[in-house]
Amino acid sequence: MSVELEMLRAAQEGDRDACQQVILENSGLIWSIVRRYYGRGVEAEDLYQLGCMGFLKAVQGFDFGYGTCFSTYAVPKIAGEIRRFLRDDGIVKVGRSIRERAQMIYGARERLRQELGREPLLSELSEATGLSAEEIAQTDLATEVPESLQQETGDGLTLEGVLGTDAPEESLVERIALREAIDRLPEKEKVTILLRYFKSLTQEQTARVLGVSQVQVSRLERRGLMRLRESFEL
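Overview of the structure. (Residues numbered from 1 in each chain as written. Predicted model: local features only at pLDDT ≥ 70, side-chain atom pairs only at ≥ 80, totals over all residues. Heavy atoms only, no water.)

## Focus: helix 12 (residues 203-210)
Along helix 12, the residues classified as buried are Q203, T206, A207 and V209. Looking down the long axis of helix 12, one finds its buried residues gathered within 160 degrees of arc, a one-sided arrangement. Immediately beyond the C-terminal end of helix 12, within one or two residues, lies G211, with a positive phi of roughly 75 degrees. (Buried < 20%, exposed > 50% of the residue type's maximum accessible area, 1.4 Å probe, protein only. Helix = DSSP H or I, 4+ residues; strand = E, 2+ residues; numbered from the N terminus. Arc of directions from axis to C-beta.)

Encoded structure:
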């Protein structure tokens, strides 16, 4: 076992010196996440302390036998702790209207699944809710964040594989920026990426939902992924 993992294990077992050491050694990673939340009405040092709390939760919950890089596991915990505080403290909110819209979309989608015996077309979901395709996509994006770049679609693809970074810290920061990049895509490409990578639908299933051909889905997905790749290469 590497020295780093030995230190993590000691910290997990309650060694205070080890806890301080791993925080010190990972302060750059913590700050890289903290900087994403500047300008939200909370001092940087306070955000850093929240990040450290999330980091220590990651230490406590890390499974050494799973084979995942610790930093990959830690970043969602760090970011989640900060987001939870900002949300609960009332600084960053998912507005009531968005929450209500999300519930309406969820209810309509489940009802149509039962009635139709398949995924509802976007046009059918739009008609059932009175919302545009853009509003449905934006609501899904606002309330459902990808957990990991390693999450697979129905075809076994991953966003990590698409973005192609080998540096763990870079991929972790990219995970946080991913939602923003997707939100900037043209509407049809955004909805396609949402269905393929957030809902894990195959191209065929996505085509049925959008009411287009599988070839069109393939083109939309390819264009969307190309735009995402370009945004991460800037």
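Structure's up, so let's keep going.
## Observations regarding the pattern of salt bridges
In the structure shown here, the tally under the stated rule is five salt bridges. Linking K57 and E81 is a salt bridge whose minimum nitrogen-to-oxygen distance equals 2.8 Å. Of this pair, K57 sits in helix 4 (residues 44-61) while E81 sits in helix 5 (residues 70-88); the two residues are 24 residues apart in sequence, bridging distant segments of the chain. A residue is classified by how much of its surface remains accessible, and E81, at 8% relative accessible area, is buried. The residue E189 makes a salt bridge to R227 at a minimum N-O spacing of 2.6 Å. Pair noted here: E189 is in helix 11 (residues 187-198) and R227 is in helix 13 (residues 214-233), with a separation of 38 residues, a long-range link. (Salt bridge = Lys/Arg side-chain N within 4 Å of Asp/Glu carboxyl O.)

## Considering the packing of aromatic side chains
Any two aromatic rings considered together are summarised by their centre-to-centre distance and by the angle between their planes. Going through the model one piece at a time under the given rule, you end up with four aromatic pairs. Centroid distance W31 to Y48: 4.6 Å. Interplanar angle 15 degrees. Geometry classified as stacked. One end of the pair, W31, is in helix 3 (residues 27-34); the other, Y48, is in helix 4, with 17 residues separating them in the sequence. With relative accessibility at 11%, the residue Y48 sits in the buried group. Within the aromatic cluster, the residues linked to one another by ring pairs are F55, F62, F70 and Y73. (Phe/Tyr/Trp six-rings, centres within 6.5 Å; stacked < 30°, edge-to-face > 60°.)

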